[in-house]
Amino acid sequence: MADKVEQQIPSETNVENRSEEQIASEVEQTTAEEMVAEETFQLTIKLPGSKGSEIKIIASPREAIHDIKQSVMESPESCAHSCFYLALNGTRLNDFAELGEIEGMTPETELQLVEDVYTERDVRLHINRLRDLLGGPYKPNPSAVGVDSGISFLTAVTGKIDEEIVPESEKKMEDLFSNDPIPEHAFTNADFEASSKLSEFVPPTFQRLAPQCIKSLALSGWNPIPHARRLKGDLLYLIVITLENETLNITASTQGFFVNNTTNNKFDPSRKSGGKKMGAHSLIKLLQQASPKFAANFTELQDFITRHHMLEVLPVNTYFPAHPWAVQSPEHAFDPARPAEPLLNYGADAVESMRDWNDELQSHRELPKANLQERVLRERLINKVQSEFTEAAVRGAVAVVNGSVVPLNPLEPEESHMYVYNNIFFSKGNDGRGTFEALGADEAAHVATGKDLEGVKIFNSVDASGLYTLGSVIVDYKGVRVVAQSIVPGIFRRQDENSIVYGSVDNGAQISADEKLHEVIGNEVAKSLHLGEHALLDSGDEKVKLFTSLETKGLLGADGRRYLLDLYRLNPVDIEFQEKECVDKDNVPAYPHKMTLLRPELMGLYWEHRFREWVKVKTEEIKKERQLANGGKEKKEEKEEKPKAEGEESEEQKPEEEEDIKIDVSEFKLTFNPDVFTSAKLGDDAEAIKEQEQAVREASQFLSNDIIPSLVLDFASYAISPLDGDALTKAMHRRGINMRYLGKVAELVSISKDKRIEHIQKLAIQEMVVRACKRMLRQLLSECPLEQATACVSHFLNCLFGREFNAKPKPEVPEGTTRNDFSWSRLTPNHLESELKQQVLRRFRYKLDDDFLTSLNPLPTLREVCLRVGIQLEARDYRFDAYTEEERTAIAAEDSARARQKDQQQKQSSRGKRGGKNKHKDDDSSPKRRTTTFIPDDIQNLMPTVKQANGRSVFAEETFEAGKMSLAQGHRQLGLELLLESLTLHEQTYGFLHPETSKCYATLAMIYHHGEDREAALDLQRKAVIAAERTNGVDHPETIHHYLNLGLFEHAAGRTKLALRYLKHALYYWDLVFGAGHPDSATADNNAGVMLQSLRDYPTSTKFFERACATQESILGKEHVLTATGYHVLAKAYTLLGDFNKALNVERVAFGVFEKKLGAEDPRTKESDMWLKELTSNALLSAQRAREQAQSATRPSGVAATSVPNGNIAQQQPGNMPIEQAVQYINGDTPRTGSSSRKNKKKSQNKRK
């Protein structure tokens, strides 16, 4: 039925070219040996002490001993231990040995945990471990780059579960005649007209602070250890204040921890004696002995931590964590150990913090990759070091922008400054050296940095041996773009130009082409990227052949490795756009720069398009030749072979022998020269240059004439349906469309006048405005000092969003200055509006309407601006509209009443001696009403936004896509096996907390849901939710879809009240991200309506169905089949509610559309006709009864509020109940159990899924 809960399957990414059978066979080959040896180990770990306690750990043979030790430390029973070793029959086991390789190890071995001797490093790790435990899962960290880093709300939204999962075999039919009260649920008394409030961004049930166990833990002022005490084994001195207000001075020694006799004034390191035991191997156990409150609260703390899902507690260490744009103002807690974190983390000399990032990255890339296990290990290490490099680069970039790092070249202009910090090289993303003067100066340089990072990603994905790229991260902070790169060995020592072995550093005056580098690029990279070998002329007119562009440089490092730098021009120029738009015309200013390159995705799509055309032509030629040669004898055979030839080109893009037809794909030649239409001097002959230019021009035309219109068609067919600007950007990029074409997309949507894609039009305009705002705000921030940043941002937001509330917002400028002293404070709403129009016209070639600001949805646009610029706002309700007349009257009355009260108080106080003080108090206590929408204190943080060259596990992604393809083709078992293998690869390569792993969890959860394996589906979907929340963001569209699906799975498992909590949470963010009117929102509303029907809350469920119908009608029109289906569902809801007149009216509309669009014989038309007849006859009966009841004044008609027993899940939804039974019940007739139940049974068998 149409009111059946619908599933939303995660969107597909691009499918690789290899078939699922090939990948499946490769998976089987590469994992065959591991599968034979794969046997689960169930280890018993005996803990020290006389109690004989032990813990059980399940592990695989491939896990090392240090992995087992980590599991021991994370277990609640053994978390007190961090310095220990594991022994087998008294023999110490090597931490790096794998379980399967240890002699005498069996799947049920018993290991002993033996407390080890501490070193200074072990003590620091132990203290850090305790501090992490005491902080809980959401430990506030003021030293992090943002507030609420990698936060998850799943546990808070879940709350207390008071429903059980109902197995499929135990599910019962719903009792629609139950008189039990309707259970309370998430939507009880919900206001359907109200929009989402930003103040509720953090769920009210979210518990941030863990139970307190001690008042403080700090390093003692008696550190470092005196020489004499070092010889006694002392390693570190601590000072702990317990909840009993007792101060404990503790010694960390090689044998453990003990309380000493030292005080603040007297140094006495001897062990303290007393009634309590004052020493233990673990600091946790010592504190449990010394402080009863610590012992009690630590148990509570462990319960608090274990209530959270494992993935909520794990640190995000393989991906840059997400930071929410709306946050609660964090409470700053006193922690004397916080300033000493660098010492605790890296030691006294901080040697552990200094790393050779470049050597680590390149050494990991040189690891062997002959088999699956080696590939997984290599990719995991690359991902980990890349993530750590990103974290260090972000901190370094912030330090550079804040002026904390001294430049290497302080005598040069500031825009040319270069920096080295923490072994990372930093430079500004502007044209400090005039390289891009002819292409648009700083504008072109800004784009080039992003294109260079894209080039690094491409080369890393090709993974050519013998070629190296630098670790690269782009950080935008406070309006400044900083490029962070790992340092090539010897680059600062060698000033000669001999280190440049490929390309040119002087714009073509001298061009190098190292043979070995040229060969590697030609054999591996050029084929993947379809780069053509082309000749260039240097200043002496000598020909030099390159594959890459002139600007791409090959550098020979002091370590002997060949590095490629400046990869921003891997793809050719978008010549059609450049010729048309990079010039002033028709009152439209020229595009701001000429760094207008085609995207790599487009080059791949265009190459495939041309290849398909070539194969088609070639196939036809071969057939014609054979027809002529054989005199038409093989016509019949060729007709059979034609689909095979076409199939091979679409599936493999390389020929296979099919009967007698064979195509040699090496004959197909199409490559691209990235240096055409640039200032480079081309050295090929005129004919070859003409061909190269034509290939690039046709690719540029293909983008405008084919790809962009096809994107609009995809929008119209809902093949893709973006929810926010980021999703729209990714959809365009996946199809090879640059964001400069956003205006063209908006124009095509506008010209089509298709209501189905009106939301795309709004989204495109919002995205153009947001991008223009980002440019303006970055420029303003780069010109103002840090202490004015909050005032600058709040004033900008007031001009953009608060113009209706206050048309002339007054900026808060520093004392002693005026608004004319700063560029940001001179901004006015009118100036901002005209500047935005100009920016959008320049950058997107689109003319905004005069009222474009009023058509923007404030909260979604505010969200996008904050995410792009790195603003973290206080989560509170901001006023965007002017006060109404009623509100103004109420405010005036309140102010006059307060004034009268103040006058009376002043008169009374003037008689007393302390009148002046009382008056001052009264003035201070009067409430302050906001005069602008935003104030500087609303800006909680300004954080960096990060772009990084993330590593990809090609094999894991290929296996994932092959699994999805197998499922689409009906091969469920093969598809499931491939996806399970892919999940293992994702977890091992990317870690649990990564966007790619989250997608894998969600896809597998959907498959298990369809297979009715409820618990497996729920477990995987919860992991998908947490991974998406912590890496994408709590309000990211992916996260919202995961929450919606988690609600569907919980409902299917019988926990409908919990499902509704998840749906309410998802719909709250949906409204915040997009607002009302998105086509997909009708599906979510229908699902919520069905769930509420199963709880017998028919009034609330009807509101959801009404909203779904309104959405479908406004987008698709009244005559659409989907709208009619929605009306049919609504008619059933009205019937259950007892409103037969409304039911009859909407069913008439549904029947009219079904009959007109589908014909009288369609099952939907027949079903609608049956409902219509029953409702019509019932309307007559109701009218007759109404006349009778009017005389006897009987009960009102609000009867239909009872139905299903609490806890039973629907096999047949209330909306699918036979019309006769529903009508009888609502009219108060006694239901018949004979023919009626037989009809019910028959209908439930015939109902549509």
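Being a predicted model, the structure only gives us computed values, none of them experimental.

## Digging into the packing of helix H20 (residues 758-783) against helix H21 (residues 789-801)
Piece 1. With their axes 10 Å apart at the nearest point, H20 and H21 run at an angle of 150° to one another. On the basis of the axis angle, H20 is roughly antiparallel to H21. Relative to H21, H20 is oriented so that their crossing is right-handed. Between H20 and H21, the contacting residues are Cys773, Met776, Leu777, Leu780 and Leu781 on the first element and Ala789, Cys792, Val793, Phe796 and Leu800 on the second.
Piece 2. Partitioned by chemical class, the residues of the contact of H20 with H21 number 10 nonpolar, no polar and no charged.

## Remarks on the sheet that holds strand E7 (residues 234-242)
Piece 1. The 5 strands lie next to each other as E6-E7-E8-E9-E10, forming an open sheet whose pairing is antiparallel. A single partner strand is all that each edge strand has here, and the edge strands are strand E6 (214-219) and strand E10 (279-280).
Piece 2. Relative to strand E8 (residues 247-253), E7 is paired through 7 bridges, and the arrangement is antiparallel. Bridging from a neighbouring strand, Ile241 pairs with Thr247 of E8.
Piece 3. Running at roughly 20° to E7, helix H3 (residues 120-135) makes contact with E6, E7, E8 and strand E9 (256-259) of the sheet.

## Thoughts on the environment of Val1090
Piece 1. Summarising the element assignment, Val1090 is placed in helix H33 (residues 1081-1094).
Piece 2. Exposure remark for Val1090: the relative accessible area of 1% places this residue in the buried category.

## As for a negative patch on the surface
Piece 1. A cluster of acidic residues, Glu414, Glu415, Glu437 and Asp442, forms a negative patch on the protein surface.
Piece 2. Of the residues examined, Glu415 reaches a relative accessible area of 44% and is grouped as partly exposed.

## Notes on helix H15 (residues 600-630)
Piece 1. The end-to-end C-alpha distance of H15, which contains 31 residues, comes to 45 Å, matching closely the 45 Å that a straight helix rising 1.5 Å per residue would cover.
Piece 2. Those residues of H15 that fall on the buried side of the exposure criterion are Leu602, Met603, Tyr606, Trp607, Phe611, Trp614, Val615, Thr619, Ile622 and Lys623.

## Considering the packing of aromatic side chains
Piece 1. The full count for this structure, using the stated rule, is 29 aromatic pairs.
Piece 2. Geometrically, the ring pair formed by Tyr118 and Phe257 is edge-to-face, given 5.4 Å between the ring centres and 80° between the ring planes. Separated by 139 residues along the polypeptide, Tyr118 in the loop between strand E5 (110-115) and H3 and Phe257 in strand E9 bring together distant segments of the chain. Take Tyr118 and Phe257: they sit in the same class, and that class is buried.
Piece 3. Summarising the aromatic geometry, the rings of Phe201 and Tyr1069 are spaced 5.3 Å apart at their centres and angled 70° between planes, so their arrangement reads as edge-to-face. Here Tyr1069 lies in helix H32 (residues 1056-1073) and Phe201 lies in the loop between helix H4 (154-158) and E6, a separation of 868 residues in the sequence.
Piece 4. The exposure class of Phe201 is buried, given its relative accessible area of 1%.
Piece 5. Overall, the relative accessible area of 1% leaves Tyr1069 in the buried class.
Piece 6. Note that Lys69 overlies the ring of Phe84, its terminal NZ or CZ placed 5.3 Å from the centroid.
Piece 7. One residue, Arg740, lies across the ring of Phe577, its end atom 5.0 Å from the ring centre.

## A short note on the nonpolar core
Piece 1. Of all hydrophobic cores here, the largest spans 151 residues; its most connected members are Phe201, Phe796, Leu797, Leu836, Leu862 and Leu873.
Piece 2. Here the element with the most residues in this core is H20; it accounts for 13 residues.
Piece 3. In this structure, Leu862 is in contact with Trp325, Leu797, Phe801, Leu873, Phe880 and Phe934, ignoring residues within four places of it in sequence.
Piece 4. If you look at the next biggest cluster of nonpolar residues, it comprises 37 residues, including Val123, Leu133, Ala210 and Phe294.

## Description of the sheet that holds strand E1 (residues 41-46)
Piece 1. A sheet is described by the order of its strands in space; here 5 strands give the open sequence E2-E1-E5-E3-E4, paired in mixed fashion. Each end of this open sheet is capped by a strand with a single partner; those strands are strand E2 (54-59) and strand E4 (91-92).
Piece 2. Here 2 bridges tie strand E3 (residues 84-88) to E4, and the two strands are oriented antiparallel to one another. Note on E4: the bridge partner recorded for Leu88 is Thr91.

## A look at the packing of helix H24 (residues 858-869) against H32
Piece 1. Remark: H24 packs on H32, axes separated minimally by 6 Å, with the N-to-C direction vectors making an angle of 85°. One element, H24, and the other, H32, form an angle in the roughly perpendicular class. Of the residues in H32, those in contact with Leu859, Pro860 and Arg863 of H24 are Asp1071, Leu1072 and Val1073.

## Some details on the pattern of salt bridges
Piece 1. Scanning the entire structure with this criterion turns up 65 salt bridges.
Piece 2. Put simply, Lys580 and Glu576 hold a salt bridge, and the shortest N to O gap is 3.6 Å. A residue pair is termed a helical-turn pair when its members lie 3 or 4 positions apart in one helix, as Lys580 and Glu576 do in helix H14 (residues 575-581) at 4 residues.
Piece 3. A relative accessible area of 48% means that Lys580 is categorised as partly exposed.

Cut-offs applied
Residues numbered from 1 in each chain as written. Predicted model: local features only at pLDDT ≥ 70, side-chain atom pairs only at ≥ 80, totals over all residues. Heavy atoms only, no water. Axes fitted to C-alpha atoms, helices over the stretch in contact; angles between N-to-C directions. Helix = DSSP H or I, 4+ residues; strand = E, 2+ residues; numbered from the N terminus. Parallel < 35°, antiparallel > 145°, perpendicular 65-115°, else oblique. Left-handed = near helix turned anticlockwise from the far one by under 90°. Contact = heavy atoms within 4.5 Å. Nonpolar A, V, L, I, M, F, W, Y, C, P; charged D, E, K, R; others polar. Pairing = 2+ DSSP bridges. Buried < 20%, exposed > 50% of the residue type's maximum accessible area, 1.4 Å probe, protein only. Patch = residues over 30% accessible without salt bridge, like charges linked within 9 Å, V, L, I, M, F, W, Y side chains within 5 Å. Areas by Shrake-Rupley, 256 points an atom, 1.4 Å probe, with all protein chains shown as cover. Salt bridge = Lys/Arg side-chain N within 4 Å of Asp/Glu carboxyl O. Lys, Arg positive; Asp, Glu negative; His and termini not counted. Charge placed at Lys NZ, Arg CZ, Asp CG, Glu CD. Expected span 1.5 Å × (residues − 1). Phe/Tyr/Trp six-rings, centres within 6.5 Å; stacked < 30°, edge-to-face > 60°. Lys NZ or Arg CZ within 6 Å of the ring centre and 35° of its normal. Core = buried A, V, L, I, M, F, W, Y, C linked by side-chain atoms within 4.5 Å.

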